[in-house]
Each structure stands twice: as C-alpha cells, then as structure tokens.
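# Topology and contacts: notes
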Amino acid sequence: MRHLLWLATALVSTVVAEDGLAGWLRYAPLPEKIAKCHAKSIPSQVKVLGATDGLPLASAVNELKLGLRGIMGKEVDVHSEGCLGDETPTILLSTLENYVSACGELDADEPPSLEEDGFYFNTKDGNVVILGSNERATLYGTFEYLSRLAQANFEAVEYVDNPEANIRWGNHWDNMDYTSSTHGSVERGYAGVSIFFQDNKIRSDLSRVAQYARLLASIRLNAIVINNVNANPITLTDENLEGVGRIADLFRPYGVQVALSLNFASPVELGDLDTFDPLDEDVVRWWDDMIDTIYGVVPDLAGFLNKANSEGQPGPLTYNRTLAEGANMMARPTARHGGIFMFRAFVYDHHLDHRDWYNDRANAAVEFFQHHDGEFEENVVVQIKYGPIDFQVREPPSTLFAHLRDTPMAIELQVTQEYLGQQNHLFYLNPLWREILDFDLRVDGEASYVRDAVSGKRFGHKLGGYAAVINVGMDRNWLGSHLAMSNLYGYGRIAWDSQSDSVEVIEDWTRLTFGLDRRVIDTIAEMSMLSWPMYENYTGNLGVQTLTDILHTHYGPNPASQDNNGWGQWTRANEHSIGMDRTVWNGTGFAGQYPAEVAEQFEHIETTPDNLLLWFHHVPYTHVLKSGNTVIQHFYDAHYDGAEAAQTLVPMWESLKGRIDEERHAHMLRRLVYQTGHAIVWRDAVNYFYHNLSGIEDEAGRVGSHPWRIEVEDMALDGYEKVAVTPPSTASRFYAVEAAPGSSEATATTTLGFPAGRYRLAVNYYDLPDGQASYEVHINGEVVAAWEGDYDLYLGNSKSEFLDGHTAARRWLGEVDIAEGDELKIVGRPDGIERAPLDYVVFLPEGVVD
Ligand code: GCV
C-alpha cells in the first residue's frame, strides 16, 4: 500500500526534451523521493562471472551501470569474480552454469529449471541474483531488473522466466538499392531510409545499429533478418558480406543474431550458372559454397529467410520442383552450421482470375504446403502470416496453422503498419495479435491455440515461434511516430509470453517511455486500446478487409481497388451484395480448410461472428446482422462512430501537455491532428462508395448530407479549375479544384449563408509530395487562417502524386466568428506539383463532426 502511495504522489517526472532515440531504454531518473526512499535496496557491488568483452555478459554490466546511474543516480563497483555470501549486498550476474561451477549449487527453494534464453531472478535477501541459461539470458534478466526499477517496482521477488518459443525474430524489409531517389529504402517503411544499407552497400556509419541492438535485446528478440524478403542477390557479394559481418559484430554483444533473406535465383543472378533448379548439382554446390562462405564471415548467423514463388520472386516451382525440395536444398548446408531456415508460406498467384467464383487467394497457403508436411529438413521452419491474406485489420487465423503437424511453424506479425495507417494513424497491435494467438483451431477436436501451434507445444516441436516485420528507419524515433514504438516493445513481450496482457504491456511501455505520471499512463493506455476498434470502424468492417488502396500504397481508402484484379483481396461487392463466399457448400471452400468444429462454425452465417461475416459469406447489403443492424447500416454507423472516436485522440493527448516533454508531445500531436482529419476522409470515402453502389440511404441521413460544408468547386473560381478525383469517393461530392497549370495564384470565393456565430473552421485539400502550396482563408477581406501543404514533410506514409485517398487531408484552422452574408475567399498558391488543390471548406458548430 505504501508503495502505491508513493507512486500516486510521484506524479510528474522530470520533463526534459527528448527525441525518442532512447525508446523505452531512457533510464530516466526516478522522482527524487522514490529514488531516495529505495536507494538502500540497491546493492553497490556487482559481481559478474565470466564476462568477455563484446559478449552479452559484458553488455549486461554496461547496461546495469548505465541504468543504475540514470534511474537511481547510483554508481556501482564491479568485480569480475566472487560469489554471494559476504556481508555486502551484491548484484550477481552470471550464467547458471558459470555460477554453479564457481560457487556451487544455488541456495534456492528449488533449483531453477531454465530453458534456452530463460533466466532466474531473485531480489529477495538483499542481493540481486540474475542467472541466465546463457549469456544473453543474463542480459535479458538485467534488462528486466532495470525495467522494474525504472517503473519504481522495488518488490522483492524470486522467479524463473522462460520464453514460450525459441524463435523470436525481427524481419527487416530493407533494400539494398540505389536509384536517384532511393538510397537504402525500406519496403513498407515509414520512418526514413535503412539503418543498414545505402547505395547498394552496407553503410559505413552503423552507429544506429548498435543502438538498435540494445532495444532488441531488451525485448528479448534473438535474431534479426536485415534485408528484404524480396532479396537483392548482391547482398551476397564479398564486399557486402564483409559489411554483414560488421553488422553482426554490432548485434553480437547484445545476443541478437543476424540472419539474411536469400534470393532463390542467386546462382544465376550473382553466380555464373544458367539455372537455379534446386536439384541441379551445380546449383546445390553453389549454395553449399555460398552458405559456407557466409558462415565463414558470420559464424553465429541465425540462419536464412526465403520468399519463394511469390509476387514475382523466383523459387523451385519455376523448375517444377516442390517447395520442400527448394527449401531443403538451402536448409541442408545451413543445418551444418547450426542455422535455421525460415521458409515463408506466403506463396500465392497474384494473377488469379477474379471472374471465377471459386478462386480464392486465402486457400493458397494450405494448397501449396499441406502435401509437403513432414518433407522438410529438421531446421526448416515455415513462417506463416497471421491471416490468410495480408496483414488486414481483421482476418481469421491462417488455416495452415492447423495443417502442419510435422513441420515447425512461426507466425509472421507486423510491427510496421502496412494497411493499418502506416504509423500516421495510431494503431496499438497487441490486442489484434492476442486475438489471433488465442484462437482455438480445435485440431482433432482438442484445444489447439494458434499460440501453441507456433511455439511447437501443440504438435511437439522444439523449434517454433515468432517473426515480425519491423520497419525502423533512420528517423531519430525509429518508427516515425513515438506511440508506434509500443508495437515494437509489445511484439517482444508477446513473442516471449503470448498471453501477456495488452493493457499491462502498454502501461509498462508508457512508464518506461514517458514516466510514472498516472494520468499519462491511463491516457495512453486508453488511446491505444481504442485504436484498433476505432481504425476498424472507419476503414473496413465485418471482415471485408481494410479497404486501403491495394494497387498502390496500401494507405488511403479505395474500396473499389480490392476487386476485379488478380491480387485476390476481393470483396465481391456489387449493387446488391458483398462478401467472399468461402463456404464449402457454395463458395471457395476456404472455411473447410479449418478443422471440423471451426469449419462448421464458419460455414454458416448464423454461427459466424458479425466481425468476420463478409470474410466468409456473400450477403445482400440488407442482410440483418446479429446486432440487429443491416450490413449497409452497420457500415454507415461504424464509419461515423470510428471517425468520431478518432476526434477524441487529440483532446486526450492535449490533456498531457506539460506532463510529457514538449518535443515528443508536439511531434505526436501533429500526427494525431492529421489522423482526426484523415479518419473523416476514410469515413466519407467508404460510405460514399457503398452508398453509391447500393443506392441504399443511411437511416440517419448523414451520408451525402453535409449542411456545414461548402464544396470549393461550387464557389466562384478564378484561376482554379474543377477536377475529377480518382477514386471519386475520396472527394466530397466527387470533385475538387486545382489551380490551372503554370498559374501562381488562384482564388475561390463565395458568400456565407450560415447563421451568425462561432464555428470551427477546417479545409479539406490534397497534400502532395514535392511541393508546399500555400493557402490563405479570407473572411470579408481579412486573413483568418493560413497553412502550407506540408504534411508530406513530416508524415511517413508512402507518397502519392495524385488527388486520392492518400493525399486527401484536412487542416483544422481554429475558430472563427462569421455572420450570414460574409464573404469567404480562399487563396491558393501552387508550388511544385502541388497546384493548391482544394476539396471543401467546413464551418462546424460546436459538437458537430463533419
Ligand atoms: C515484401 C505484401 C506487401 C509487400 C511484401 C509482401 C510480402 O504484398 O505489400 O510489400 O513484400 O507482402 O510479405 O512478401
């Protein structure tokens, strides 16, 4: 109780400007009162057994010194030998093995039973004892200790912490590329260029890599694939391998092993063979030699990752060899070096004929892999995206998790927010991951949680676990958005313990990232827990998928882009009905890929939960959901709810002003303000689209009715011309205006007809890259607001050069007093390709969101 009181009174921690580089490893000083009160419980002496420079135990000592200095203002004496037992309280860091050989059996109630990477932690009896099953486990335990202290948790405890799975990898989609505009780009990266690559080479300055290694070790990730699964064969040139060696040298002290994505066609693209047929002897020899060479440079390489025969990538199917034959050919030499071969299950045909009702991309993973179960080498792990399509806002789990009984599996998650707002929209991912991992597939009628399938527990595999696509870049705060870092932290937590509680995780992360202020913790937890349902509401509902533009940047809304192409992310929306029929009786049969009990549930509309209805069934827009609403009305309502919920983010964040440092507060505020506007763009684009298609009115009369808006194309235009927007629903009433090519200024004028009063003014426009048009809003000749089209300078999303759902944005311009008959004039001054495009102006009375 006393402890809690201390926390409650220790409200505002030191508020110093920060840029996010330290992530959650800030080691910020505890409030003086707390630090003082607990200073005595921190031993002043550290004993470390068997530390070698450049290895994790040495890093543990450095980290401990850094952390204690920062958090507690305490310096410690470090000794490289000795056991517990003298009178001086001690922090003892060692592997269990070293400890036992130096000091004899541990004096514990029960001898700790440690698994690979697990550690024993004991702060009872005045000492702090951290014993790992290996060096990196001791480092994990050290980070654990520091994390507890940083959160003012001084409770005396004794426990063993073992990971659930031994594969806890990160996947980078960093490109070794060099064009006039890309110098180490990151595919689906929204936070700057690669920390590893630049201009077809490994960077000479890798200082960010060492900092990154600390972050990864602190969340217990044990390996990192540094290059894109769409792998450039030149990663394997001698010069680049030397660079990979330098990267591995920076990760090694933190116990993070490096891994590489391989391009299946390398023997042809890089070598001088004319085939990459996996059964060709020369090809086998080429890979044997190449893998030996790689291990010669990085002896502790974790292994490899391969994307074969998918989205244009080469693979064994090119030669009519099986996927297993292809994977095994490279896995064998990898096994000789103790490495793991991760083989992606993301194999599908992206030229599927959409006219065939029975075609379904979701079926692909099982169709491609089920016959090869048990054919893979022991060190092959099949890496499966969490859903059958591709990182959508809601998917059921991949059916493949229920099919590979004789092959170890890993689940592929994404920290990067492709399809999920690209780090401009707040989206805390742990609840989504939990939902997938907690799904019971009922294999053979027995409990078969996805988490147990991937950890290896369900089907009895030693190997198994987690991979997440992580898109950190050179941005100082790693992911572009400070709040997005909770997903990287949260990934580590869930990969270690799949049942970690999403609220606890976000609270811990917040304490470490922003301090102990209860208001800050509660607010960020509330915003984060709101974020998934909110985003799902204003994007794609009822399992229809996210509805981002899937043909280009996977960011803004474009419902039509899902259908009538070969990518297979279909919704089959027509004038009457919508949804993929994945039933066995009349659809693609996908539901039948689940084990019987689950298949039966999804086969029928009555037993399919509303939130996956359109994933499994094709129904009329007028179909009545379990909620009592029709499908179309649910769409309308959800979009209004979601966009309204998004508006609450800004006041919540603003309420933290002064409680967190100004630099991070201001940075996040800009993104959240942008999100409130883009949520309205989403709401309207999706609602207009289905309203238009179905011809069904919104019962609440909101869709298409915007009494407080003024369409700029309806104003008197001078220098502006009316333009159609594609997709049309990403413009209010489908049209916008742009200044005529070559003009330096354009105006739009009208007379206001709203009753006199105070209104919140906002303008929707399009913010393009390569140009910062400037704008002024005049009322009766007086400038009341001005802005520049500069979102592109600080938002990280993939860029578009068109007026569309990616560039559609809103500027909130404060409150204005107006009277009926006032003259409104907007002046736009083009810059670069940005011809001062405008969509509409809105004067919002208090409480109206539109
Ligand atoms: C690396 C999706 C993404 C691609 C990605 C691919 C994959 O299609 O849009 O950028 O390619 O998934 O996971 O391989």
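Residues numbered from 1 in each chain as written. Predicted model: local features only at pLDDT ≥ 70, side-chain atom pairs only at ≥ 80, totals over all residues. Heavy atoms only, no water.

## Notes on the overall build of the chain
- Across its full length, the chain holds 22 helices and 29 strands.
- Compactness check: the chain gives a C-alpha radius of gyration of 28 Å against a globular reference of 29 Å for 850 residues, within 12% of the reference.
- Summarising its shape, the C-alpha atoms of the chain cover approximately 90 × 70 × 55 Å along the three principal directions.
- With 850 residues in all, the chain has 63% of them scored as buried.
- The contacts in the chain between residues at least 6 apart in sequence include a share of 73% that link residues at least 24 apart.
- With the model as given, the accessible surface of the chain reaches about 30,200 Å², and the carbon-plus-sulfur share is 48%.
- Positive and negative charge centroids in the chain, built from 64 and 123 side chains respectively, lie 5 Å apart. (Helix = DSSP H or I, 4+ residues; strand = E, 2+ residues; numbered from the N terminus. Rg over C-alpha atoms; globule rule 2.2 N^0.38 Å. Buried < 20%, exposed > 50% of the residue type's maximum accessible area, 1.4 Å probe, protein only. Contact = heavy atoms within 4.5 Å. Areas by Shrake-Rupley, 256 points an atom, 1.4 Å probe, with all protein chains shown as cover. Lys, Arg positive; Asp, Glu negative; His and termini not counted. Charge placed at Lys NZ, Arg CZ, Asp CG, Glu CD.)

## Points about the side chain of threonine 138
- Within the secondary structure, threonine 138 is located in helix H5 (residues 135–150).
- Non-local contacts of threonine 138, meaning those with residues more than four positions away in its chain, are made with Leu57, Leu93, Ser94, Thr95, Ile130, Leu131 and Gly132.

## Some remarks on the nonpolar core
- The biggest cluster of nonpolar side chains holds 218 residues, and the ones touching the most others in it are Tyr212, Phe251, Leu488 and Trp653.
- Ranked by residues supplied to this core, first place goes to helix H21 (residues 662–694) with 10 residues.
- Apart from the residues within four sequence positions on either side, phenylalanine 251 is in contact with Phe196, Val209, Tyr212, Ala213, Leu216, Ile224, Ile226, Val256 and Val258.
- In this structure, Val712, Ala746, Ala785 and Tyr794 belong to the second largest nonpolar core, which totals 35 residues. (Core = buried A, V, L, I, M, F, W, Y, C linked by side-chain atoms within 4.5 Å.)

## A short note on the pairing of strand E28 (residues 823–829)
- Here strand E23 (residues 746–751) runs beside E28; their pairing, made up of six bridges, is antiparallel. Bridge pairing in E28 places threonine 750 opposite leucine 824.
- The sheet contact formed by strand E25 (residues 774–779) and E28 spans six bridges and is antiparallel. Along E28, the bridge assignment pairs serine 774 with arginine 829. (Pairing = 2+ DSSP bridges.)

## Re the sheet that holds E25
- On the basis of which strands lie adjacent, the open sheet formed by five strands has the order E20-E23-E28-E25-E26 and antiparallel pairing. Both edges of this open sheet fall to strand E20 (716–718) and strand E26 (782–788), since each of them pairs with a single strand only. Here the strands of the sheet are splayed against their neighbours by 15 degrees on average, with no regard to which way each runs.
- Examined bridge by bridge, E25 and E26 share six bridges and lie antiparallel to one another. For histidine 778, the partnering residue across the bridge sits in E26 and is valine 783. (Axes fitted to C-alpha atoms, helices over the stretch in contact; angles between N-to-C directions.)

## Quick word on the packing of aromatic side chains
- This model, assessed by the stated rule, comprises 47 aromatic pairs.
- Pairing phenylalanine 754 with phenylalanine 843 gives two aromatic rings, centres 5.6 Å apart and planes at 50 degrees, and the pair type is tilted. Of this pair, phenylalanine 754 sits in the loop between E23 and strand E24 (757–766) while phenylalanine 843 sits in strand E29 (residues 838–844), and the two are 89 residues apart along the sequence. Summarising the burial analysis for this pair, phenylalanine 754 and phenylalanine 843 share the class buried.
- Among the aromatic residues, ring-to-ring pairing joins Tyr674, Tyr765, Tyr775, Trp787, Tyr791 and Tyr794 into one connected group.
- One Lys or Arg, arginine 451, reaches over the ring of tyrosine 449 and ends 4.2 Å from the middle of that ring.
- A cation sits over an aromatic face here: lysine 722 above tyrosine 735, 4.4 Å from the ring centre. (Phe/Tyr/Trp six-rings, centres within 6.5 Å; stacked < 30°, edge-to-face > 60°. Lys NZ or Arg CZ within 6 Å of the ring centre and 35° of its normal.)

## So, the packing of helix H19 (residues 631–647) against H21
- Viewed as axis vectors pointing N to C, H19 and H21 meet at an angle of 170 degrees, and their least axial separation amounts to 8 Å. Here H19 is positioned roughly antiparallel relative to H21, judged by the angle of their axes. Where H19 approaches H21, its residues Ile632, Phe635, Tyr636, His639, Tyr640, Ala643, Ala646 and Gln647 are matched on the opposing element by Thr676, Ala679, Ile680, Trp682, Arg683, Asp684, Val686, Asn687, Tyr690, His691 and Ser694.
- Here the contact of H19 with H21 is built from residues that sort into 11 nonpolar, six polar and two charged. (Parallel < 35°, antiparallel > 145°, perpendicular 65-115°, else oblique. Nonpolar A, V, L, I, M, F, W, Y, C, P; charged D, E, K, R; others polar.)

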